[in-house]
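Each chain is listed here by its residues.
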Amino acid sequence: MHHFLIALATTPSPTPTPSLRPGLSEDQVTPGTWGFVLTAFIVVLTTFLIVDMVRRIRRVRYRAQVEEALVGGTDGAETDGRVQGKPDAEESDGDAGSGAR
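None of the values given here were measured: they were computed from a predicted structure.

With that settled, the discussion passes to the overall build of the protein chain. When helices and strands are counted, the protein chain shows four helices and two strands. Along the protein chain, helices (α) and strands (β) appear in the sequence α-α-α-β-β-α when read from the amino end. Counting the 101 residues in the protein chain, one finds 1% classified as buried. Of the roughly 9500 Å² of accessible surface on the protein chain, 62% is carried by carbon and sulfur atoms.

A cluster of like positive charges, contributed by Arg-55, Arg-58, Arg-59, Arg-61 and Arg-63, occupies part of the molecular surface. With respect to the helices, strands and loops of the structure, Arg-61 is situated in helix 3 (residues 32–73). When its relative accessible area of 48% is taken as the criterion, Arg-61 is described as partly exposed.

A contiguous nonpolar patch, built from Met-1, Phe-4, Leu-5 and Leu-8 and spanning about 500 Å² of accessible area, is present on the exposed surface. Relative to the helices and strands, Leu-8 resides in helix 1 (residues 2–10). Since its relative accessible area comes to 52%, Leu-8 is described here as exposed.

The rules behind each value
- Residues numbered from 1 in each chain as written.
- Predicted model: local features only at pLDDT ≥ 70, side-chain atom pairs only at ≥ 80, totals over all residues.
- Heavy atoms only, no water.
- Helix = DSSP H or I, 4+ residues; strand = E, 2+ residues; numbered from the N terminus.
- Buried < 20%, exposed > 50% of the residue type's maximum accessible area, 1.4 Å probe, protein only.
- Areas by Shrake-Rupley, 256 points an atom, 1.4 Å probe, with all protein chains shown as cover.
- Patch = residues over 30% accessible without salt bridge, like charges linked within 9 Å, V, L, I, M, F, W, Y side chains within 5 Å.
- Salt bridge = Lys/Arg side-chain N within 4 Å of Asp/Glu carboxyl O.
- Lys, Arg positive; Asp, Glu negative; His and termini not counted.
- Charge placed at Lys NZ, Arg CZ, Asp CG, Glu CD.

Here's what the structure looks like:
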């Protein structure tokens, strides 16, 4: 009996042959060649956009690190209470801040 149960468990059951519903053709349910080409194009375009975005983010991050290093080296040189190379809020855009409006 044990061998019979193992044989039933391992024997594949017959699967029905795949068929479409009456009135449907394969062209109506599959994307076809043009669908594959457009999907592949979108994947390639997305990959290029992601690579470009990562490159730009990395460039901005490196520029910020270099700017921090340059500003960090000049922090010791102060003149009349201001750090050289950094304008006051009034000098930068003529606005004393959000509280002065």
